Amino acid sequence: MDITYTAGDAVRVSGLRYKKLDEILRSGLLKPSAGGGQGRGSPRRFTARDLLALRLARQILKAGIRVQTMAGALRYVQRGHGFPELHELVNVAIWTDGQEVVLCDKTRKKSAPGSSERCVSHYVDLGPAAEHVRRGIERLASKQR
């Protein structure tokens, strides 16, 4: 069985306030992958990828971007097939134009796909967020010992 995390853990690791976490989940933008949240009093359970998506949501909000603009990218981080493990995201960025979502290897790619086209797109470095979540998970594990 995979390790899951509570809403309190999600708040601590992501850096979101509980009210904002609740708002994102109630809007349906993201859902706890490990279950719960199906009614009042039902505990929400999150995976490491959920925590990463929530951390990215926090970074997006701090940058002044509406989270809904990046919904596809956040859902891909949370549930996309073939998505790398946290420790493999050091040199990975995610690019989206609101429709397409592409993972980019920062060591090989100089610019994001479509960046030469005239459209609104977002390019987010996953490395720092993944490292923040990885360290947060380690802190949670050390407190439980």
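- The name recorded for the protein chain in an unreviewed UniProt entry is MerR family transcriptional regulator, from Polyangium mundeleinium.

## Things to note about helix H1 (residues 7-14)
And then number 1: Of all the positions in H1, only Ala7, Asp9, Ala10, Val13 and Ser14 are classed as buried. Buried residues of H1, viewed axially, fall in a sector of 155°; they line one side.
And then number 2: Count one or two residues on from H1 and you reach Gly15, which has phi positive near 90°.

## Overview of the environment of Gly80
And then number 1: Considering the arrangement of structural elements, one finds Gly80 in the loop between helix H4 (71-79) and strand S1 (92-96).
And then number 2: What makes Gly80 buried here is its relative accessible area of 9%.
And then number 3: Residues Gly80 and Arg49, spaced 31 residues apart in sequence, show a C-alpha to C-alpha distance of 9.8 Å.
And then number 4: Gly80 has contacts with Arg49 and Arg75, leaving out every residue within four places of it along the chain.

## Regarding the sheet that holds strand S2 (residues 101-105)
Two strands in a sheet stick together by hydrogen bonds in their backbones, pointing the same way (parallel) or opposite ways (antiparallel).
And then number 1: Strand order in the open sheet formed by 3 strands is S2-S1-S3, with antiparallel pairing between adjacent strands. Each edge of the open sheet is held by one strand with a lone partner, namely S2 and strand S3 (122-125). Within this sheet the neighbouring strands show an average axis-to-axis angle of 25°, counted without direction.
And then number 2: Relative to S3, S1 runs antiparallel, the two sharing 4 bridges. Counted as the bridge partner of Thr96 is His122 from S3.

## Some points on the nonpolar core
And then number 1: Judged by nonpolar contacts, the single largest core of 36 residues is most densely connected at Phe46 and Leu52.
And then number 2: Mapped by element, the contributors of at least two residues to this core are H1, helix H2 (18-26), helix H3 (48-62), H4, S1 and helix H5 (126-144).
And then number 3: For this core, the element with the most residues is H3, which contributes 7 residues.
And then number 4: Dropping the residues within four chain positions of it, Phe46 is found in contact with Ile3, Thr4, Tyr5, Thr6, Ala7, Ala10, Leu21, Leu25, Pro32, Ala34, Leu51 and Leu54.

## Let's talk about the pairing of S2
And then number 1: Relative to S2, S1 is paired through 5 bridges, and the arrangement is antiparallel. Looking at S2, one finds that Ala93 is bridged to Cys104.
And then number 2: The turn joining S1 and S2, which pair antiparallel and follow one another in sequence, is formed by 4 residues; a positive phi near 95° is taken by Gly98.

## Focus on the packing of H1 against H3
And then number 1: Direction vectors running N to C along H1 and H3 enclose 50°, while the axes themselves pass 9 Å from each other. What the angle tells us is that H1 and H3 run oblique. The interaxial crossing formed by H1 with H3 has right-handed handedness. Judged by residue contacts, Ala10, Val13 and Ser14 of H1 engage Leu51, Leu54, Arg55 and Arg58 from H3.
And then number 2: The residue inventory of the contact of H1 with H3, partitioned by class, reads 4 nonpolar, 1 polar and 2 charged.

Rules behind the numbers
- The numbering scheme is per chain: residues are counted from 1 as the chain's sequence reads.
- For this predicted model, a pLDDT threshold of at least 70 governs which residues receive local features, and a threshold of 80 or more governs which side-chain atom pairs are given and counted, while totals over whole chains, interfaces and linings are taken from all residues.
- To get the side-chain values, take all heavy atoms of the structure and skip hydrogens and water.
- Relative accessibility decides the category of a residue: with a 1.4 Å probe and only protein chains considered, values under 20% of the type maximum give buried, values over 50% give exposed, and everything between is partly exposed.
- Comment: elements are numbered from the N terminus, with helices defined as DSSP H or I runs of at least four residues and strands as E runs of at least two.
- The directions considered for the arc run from the helix axis to the C-beta atoms.
- Here, residues are in contact when the closest pair of their heavy atoms is within 4.5 Å.
- Between any two strands, pairing holds if DSSP finds at least two bridges.
- Structural elements are reduced to axes, namely lines fitted to C-alpha atoms, with helices fitted over the stretch in contact, and the angle between N-to-C directions of any two is expressed from 0 to 180 degrees.
- In this text, buried Ala, Val, Leu, Ile, Met, Phe, Trp, Tyr and Cys residues form a nonpolar core when linked through side-chain atoms within 4.5 Å.
- Working definition: roughly parallel below 35 degrees, roughly antiparallel above 145 degrees, roughly perpendicular at 65 to 115 degrees, and oblique for all remaining angles.
- A clockwise turn of the near helix away from the far one marks a right-handed crossing, whereas an anticlockwise turn of less than a right angle marks a left-handed crossing.
- By the convention adopted, Pro, Cys, Tyr, Trp, Phe, Met, Ile, Leu, Val and Ala count as nonpolar, Lys, Arg, Asp and Glu as charged, and the other residues, Gly among them, as polar.

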